[in-house]
Structure formats: structure tokens, C-alpha cells
Amino acid sequence: DAGVIQSPRHEVTEMGQEVTLRCKPISGHNSLFWYRQTMMRGLELLIYFNNNVPIDDSGMPEDRFSAKMPNASFSTLKIQPSEPRDSAVYFCASTSVEGIILNTEAFFGQGTRLTVV
Amino acid sequence: GNSVTQMEGPVTLSEEAFLTINCTYTATGYPSLFWYVQYPGEGLQLLLKATKADDKGSNKGFEATYRKETTSFHLEKGSVQVSDSAVYFCALRGGGGKLIFGQGTELSVKP
């Protein structure tokens, strides 16, 4: 398996533009996480899905952020409109979860480095 | 809610020194605990894990023991190498499957 695939690897956009980040989880995994990493705040959980359903989006900073998972093999994180403070590295991770089993490893993509100017 | 607190970095050590990175957590129930490592320009990779009290996770010379009485999961290695230089993240996964991380500790090992 190629692992978790994120695209693009780098994105530079102007303030006010819409940005869409993409993630393809590992085949067979049913749980997906979106994280944002900055020097100031570390690694923040934005949202996570189980079986394509958003379970907890309490980390989404504001209404400008939205995430979807239309099927088991694809997820998007959209920022509209983007602002300079959204500049960060965004990671997607996937794992499998069955019932109360919580010890499965989460696999991370290589991240998307977003710069909003 | 659940949370993870790590010692602040950066931590700078000489090769072959002993390493400890402290991690404490707050959680309801019985979470699973993890250490992840991030090398420059890459995503996080699992280093080790423990799923219940008194479990010891180990990998590549690193160890951590799940201490429920002190709510801790400190990372240790007896002799670090230059190649261990990276950022280390403590994490927990509790009820509902939410996976949350500490702020990360940067380790720099000098030859």
C-alpha cells in the first residue's frame, strides 16, 4: 500500500482565496483525522471521521473551515476564504477502529504545507 | 476533556547520553497511549504504544511504561544516537476514538 496520500504537498495562495486539501487514506481503514501543525500551537486535531461520518469537529477553528468524506477513500479539507493565519502544515491520518479497540496505529500522510500571503 | 502535556524542548544531548522526555495525561476511562516521532519534512510515525496500566511499550531502544497512578507515560532511551534527532509526540486515544497529541518535544543529539 502507498500509505496515506495527501495533495498538494505545497500550496501558496492569496488571502481570500479558497483552498482545498485532499487526502486518500489507506485502503481498509475506517477512521480518518485532520490535523494542523504550527510552531505556536503544535499539532491540533481539527476533525475526525469514523466510517465516513464526522464524529468530532470541535477543533475546527471557525466556519471558514469545512471537511467532507464522501466515501471511504477520499476526504477534503476546505478553507474559504483563506487568511494568513491559516498558514500551517496540515496532516491527514488514517487508522482502523472496531468497537472499543483503541490501540491501532494511525498512519500519517506527508502533509500539505499551506502558505497564505 | 482529554489532554496530554509534554516537557518543553528543545532537548539537547550528547551522543550516548540517557534520554527522558516526560509526558502526563488527563483522561476519563482507560485510554491507549502512544509515542510518535517526526523527522524533518515528514509526517508522524508510531514509535511505541501501551494499551493498559503497567504495560511497557518498546521499540528501537526506546521504552515507556503506562503508569495509571501517576497518569504518566515518560519516554526513555539509555543511549541516544545522532539519528534519534527528531520531534517526539506523546498521544492518547480515548473513548470515541479521538487521537490527541501533546505539543511535541524537539530532541537534538550532538556527536
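Residues numbered from 1 in each chain as written. Chains lettered and ligands numbered in written order. Predicted model: local features only at pLDDT ≥ 70, side-chain atom pairs only at ≥ 80, totals over all residues. Heavy atoms only, no water.

Chemist: I would appreciate a short explanation of the pairing of strand β4 (residues 31-38) of chain A in the present structure.
Modeler: All names here are of chain A. Within β4, 7 of the 8 residues are buried, which leaves the element mostly enclosed by the surrounding structure. The pairing of β4 with strand β5 (residues 42-50) spans 8 bridges and is classified as antiparallel. Within the sheet, the bridge partner assigned to Trp34 lies in β5 and is Ile47. The antiparallel pairing of β4 with β5 creates a hairpin that spans 3 residues between the two strands. Across 7 bridges, the pairing between β4 and strand β9 (residues 88-95) is antiparallel. In the strand pairing of β9, Tyr35 is matched with Phe91. (Buried < 20%, exposed > 50% of the residue type's maximum accessible area, 1.4 Å probe, protein only. Helix = DSSP H or I, 4+ residues; strand = E, 2+ residues; numbered from the N terminus. Pairing = 2+ DSSP bridges.)

Chemist: When you look at the sheet that holds strand β3 (residues 19-24) of chain A in this model, what are you seeing that I'm missing?
Modeler: Note on sheets: strands pair through backbone hydrogen bonds, and any given pair is parallel or antiparallel. Residues and elements named next belong to chain A. Here 4 strands make up an open sheet; going across it, the order is β1-β3-β8-β7 and the pairing antiparallel. Here the strands that pair on one side only, and so sit at the sheet edges, are β1 (5-7) and β7 (65-71). Mean inter-strand twist for the sheet, computed between neighbouring axes without regard to direction, equals 15 degrees. Alignment of β7 against strand β8 (residues 74-79), held across 5 bridges, turns out to be antiparallel. Directly across from Phe65, in β8, lies its bridge partner Ile79. (Axes fitted to C-alpha atoms, helices over the stretch in contact; angles between N-to-C directions.)

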